[in-house]
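Here is what each chain is made of, one letter per residue.
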Amino acid sequence: GDKIRIIDREAATQRVNAAIGARNLYDAKWSRSKSESLTNGPGVWIVARTDCRLAFGFQETIERCLRFENMGADVVYAENLQSFDEYQKLRSKLDPKTITMVAQVQEGKDSVKKIDGEN
């Protein structure tokens, strides 16, 4: 929507860092490693989302997603990419093991694309 306020990269990374810290405290309380949290539930997954594409551009989206990945987010979520090509470029910058989510890839109102080999 047009009423979304986008925070700067530093504030965004501070929020993700706080979430990761809380997850780590939870895991420490239950003596769980990150891999146990992800495979043996009901662990906490950190989904680091950015909506900055329209306000700050595609390059800023990439920079934020890379930073979120490097910080330890379990899922990187890029909102409002403008094409399937942008999605592919973003994926090429991230570790292949990083889970991604996308929403509102703008390819045309009747266009649906299969992503990452899905049928």
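Right above here is the structure, for reference.
Procedures and definitions
Residues numbered from 1 in each chain as written. Predicted model: local features only at pLDDT ≥ 70, side-chain atom pairs only at ≥ 80, totals over all residues. Heavy atoms only, no water. Core = buried A, V, L, I, M, F, W, Y, C linked by side-chain atoms within 4.5 Å. Buried < 20%, exposed > 50% of the residue type's maximum accessible area, 1.4 Å probe, protein only. Helix = DSSP H or I, 4+ residues; strand = E, 2+ residues; numbered from the N terminus. Contact = heavy atoms within 4.5 Å. Salt bridge = Lys/Arg side-chain N within 4 Å of Asp/Glu carboxyl O.

Participant: Give me the nonpolar core: which residues, what numbers.
Facilitator: Judged by nonpolar contacts, the single largest core of 17 residues is most densely connected at C65, F68, L81 and L90. At the level of secondary structure, the elements contributing two or more residues to this core comprise helix 1 (9-29), helix 4 (58-71), strand 2 (75-79) and helix 5 (84-93). Per-element accounting of this core gives the leading share, 4 residues, to helix 4. Excluding anything up to four places from it in sequence, C65 contacts T50, V76, A78, L90 and L94.

Participant: Which residues make up the pattern of salt bridges, and what values do they have?
Facilitator: Within the structure shown, the criterion is met by 7 salt bridges. E60 is the partner of R9 in a salt bridge, and the nearest nitrogen-oxygen pair spans 2.6 Å. Note that R9 is positioned in helix 1 and E60 in helix 4, a separation of 51 residues in sequence. Judged by relative accessible area, which is 25%, R9 ranks as partly exposed. For K89, the salt bridge is made with D85, and the minimal N-O distance between the two is 3.1 Å. Linking K89 with D85, this pair stays in helix 5, spanning 4 residues, or about one helical turn. Overall, the relative accessible area of 39% leaves D85 in the partly exposed class. One network of salt bridges, in which partners are shared, links R9, E60 and R64.

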